[in-house]
Amino acid sequence: MTLSNSPAPIGIFDSGYGGLTIFEKIKEQLPQYDYIYLGDNARAPYGSRSFEVVYEYTLQCVKKLFEMGCHLVILACNTASAKALRTIQQNDLPNIDPHRRVLGIIRPTAEIIGEITKTKQVGLLGTTGTVQSNSYPMEIAKLFPELKIVSHACPMWVPLIENGEHLSEGADFFIKKDIDALLAQNQGIDTIILGCTHYPLIINKIKRYTPKHITIISQGEIVGRSLKNYLQRHPEIDGKCSKNAHTEFLTTESADKFSASAALFLNKKINAKHINIL
Ligand code: DGL
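Counting of residues starts from 1 at the beginning of each chain's written sequence and follows it residue by residue. This being a predicted model, a pLDDT of at least 70 is required before a residue's local features are given, and a value of 80 or more before pairs of side-chain atoms are given or counted; all residues contribute to the totals for chains, interfaces and linings. The side-chain values count all of the structure's non-hydrogen atoms but skip hydrogen atoms and water molecules.

1. Remarks on the packing of aromatic side chains
Any pair of aromatic rings gets described here by the distance separating the centres and the angle formed by the planes.
Step number 1: Ring geometry is summarised as follows: Phe, Tyr and Trp rings, the Trp one being its six-membered ring, pair when their centres sit within 6.5 Å, and such pairs are stacked at plane angles under 30 degrees, edge-to-face over 60 and tilted between the two. Overall, the coordinates contain 12 aromatic pairs when judged by the stated rule.
Step number 2: Here the aromatic rings of Tyr37 and Phe258 are separated by 6.1 Å at their centres, their planes lie at 40°, and the arrangement is tilted. Note that Tyr37 is positioned in strand β2 (residues 35-39) and Phe258 in helix α13 (residues 255-266), a separation of 221 residues in sequence. Both residues of the pair, Tyr37 and Phe258, count as buried.
Step number 3: Site record: aromatic cluster; members linked through ring pairs are Tyr17, Phe23, Tyr35, Tyr37, Phe249, Phe258 and Phe265.
Step number 4: Two conditions define a charge sitting above a ring: the NZ of Lys or the CZ of Arg must be within 6 Å of the ring centre, and it must be within 35 degrees of the ring normal. Note that Arg43 overlies the ring of Tyr57, its terminal NZ or CZ placed 3.8 Å from the centroid.
Step number 5: The lysine or arginine in question, Arg100, covers the ring of Phe66, its NZ or CZ lying 5.9 Å from the ring centre. Numbering of helices and strands runs from the N terminus, with a helix taken as a DSSP run of H or I at least four residues long and a strand as a DSSP run of E at least two residues long. Exposure is judged per residue with a 1.4 Å probe applied to protein chains only, and the accessible area is read against the type maximum: over 50% gives exposed, under 20% gives buried, and values in between give partly exposed.

As C-alpha cells, this is what we get:
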C-alpha cells in the first residue's frame, strides 16, 4: 500500500450511522478540520458479530481511509473500539505505517468516569459485542481500580433505532426492560455509560425509566473534547490534518439510503457517496 504524506481529512469510521452522533460533537469542537465519515452500512450492525469479523471489517475500512490519505482515524463505534482497536494499534499499524494513528472512543469515556461517580458503582449499556468484550471494565480498571462496573447488553435498541421505531410505544417496553435488568444487578449505581453510539437518540426515553439521581453519560462531547486535547498535544499529527471545514460522507450501502437515514442522526440533510471497500 503506497500512502500519501500530504495533509488530509480526519477519518471517522463507524459500522453505520451511529458514529454520526460522535462526529457531530467532534465537529462542534473542531469545526475547522476536514473529515471523511465512512459508514460500513452494508455489513452493519457489527454489535452481534464475532471478534474476528469485527476486526477484519474494521481493518479493511481503516486501510481504505489510509489509502484516501487520512493520517488519523477515529473508530467512532464502541463495538469496533472494543474488538478491533487494540489489535490494529499493536499488530497492524507498525506494518502499515507507524506514523498513522487510530484512536477509539472507549478510552476517553473511561478517563472521565472516575470523576463523575460518587458511589463508585457504574452501569454500562452497550451492544452484545461491547459488553462481552469486557473492554470498558478493563479500561476503567486501569485508571480507577476502585470502581465497580456492571454491564448489560441491549441487542434490541440498535435495530429499533435503525428501523425508526425508537419513538414508538413498543420501544419503551425494551428500553425499560433493559434498564431494569441493569439496575437489578446493583442498587448503588449512580452513573450509567451509554456505551453505544446509537443510544443518544433515545436518551429521553432512557431518562424516563432511570431514577433521577443517576447521571447518564453519552460519549459525543467527551470524545470531541478528548480529540481536541489530543491534537493540541500531538502537533506532528495535527499538522497532517487538513483544515478547510469540509466533510465527505461515504457508505458501503446505497448513498440515497444513507443520506435519508443520516438526517435522523444529524438533524440536517447530507449528500453521501457510495464506496466499495474491497
Ligand atoms: N456503532 C455501534 C456501537 O457503538 C452500534 C451499531 C452496531 O452494532 O453496528 O457499538
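2. Re helix α5 (residues 106-116)
Step number 1: Among all positions of α5, only Ile106, Pro108, Thr109, Ala110, Ile113 and Gly114 are buried.
Step number 2: At its buried positions, α5 is contacted by α3 (78-83), β5 (121-126), α7 (135-143), β7 (191-195), β8 (215-217) and α11 (220-233). Contacts are residue-level and defined by heavy atoms, with any inter-residue pair within 4.5 Å sufficient.

3. So, the site of the ligand
Step number 1: A cutoff of 4 Å decides nearness: a residue is near a molecule or strand if any of its heavy atoms lies inside that distance of it. Residues in contact with the ligand, as listed here, are Asp14, Ser15, Pro45, Tyr46, Gly47, Cys77, Asn78, Thr79, Thr127, Cys196, Thr197 and His198.
Step number 2: Think of a polar contact as two N or O atoms within 3.5 Å of one another; within protein, one of them needs to be a possible hydrogen donor and the other a possible acceptor, and neighboring residues in sequence only count if both atoms come from side chains. At 3.0 Å from an oxygen atom of the ligand is found a main-chain nitrogen or oxygen belonging to Asn78.
Step number 3: Taking Thr79, its side chain carries an N or O atom lying 2.7 Å from an oxygen atom of the ligand.
Step number 4: Within the shell around the ligand, the residues separate by chemical class into four nonpolar, seven polar and one charged. Residue polarity follows a fixed list, in which Ala, Val, Leu, Ile, Met, Phe, Trp, Tyr, Cys and Pro are nonpolar, Asp, Glu, Lys and Arg are charged, and the others, Gly among them, are polar.

4. Remarks on the pattern of salt bridges
Any two side chains of opposite charge can pair, so long as their charged atoms come close to each other.
Step number 1: Salt bridge, as used here, is a side-chain nitrogen of Lys or Arg placed within 4 Å of a carboxyl oxygen of Asp or Glu. Tallying each qualifying case throughout the model produces 15 salt bridges.
Step number 2: For the salt bridge of Arg225 with Glu221, the shortest nitrogen-to-oxygen distance reads 4.0 Å. In this pair, Arg225 and Glu221 both sit in helix α11, four residues apart, roughly one turn of the helix.
Step number 3: A relative accessible area of 44% means that Arg225 is categorised as partly exposed.
Step number 4: We classify Glu221 as partly exposed; its relative accessible area is 42%.
Step number 5: Shared partners join several salt bridges into a network, and the residues in it are Arg86, Arg107, Glu111, Glu139 and Lys142.

5. Looking at the sheet that holds strand β1 (residues 10-14)
Step number 1: Two strands form a pair only when DSSP identifies at least two bridges running between them. The strand order β4-β3-β1-β2-β9-β10 describes an open sheet built from six strands, whose pairing is parallel. The open sheet has two free edges, formed respectively by β4 (101-103) and β10 (273-274), since each of these has just one partner strand.
Step number 2: Pairing between strand β9 (residues 247-251) and β10: two bridges, direction parallel. In the sheet register, Thr251 faces β10, and the bridge partner there is His274.
Step number 3: Along the sheet, α11 contacts β1, β3 (72-75) and β4; its crossing angle with β3, the most-contacted strand, is approximately 155°. Note on geometry: axes are lines fitted to C-alpha atoms, helical ones only across the stretch in contact, with angles between N-to-C directions running from 0 to 180 degrees.

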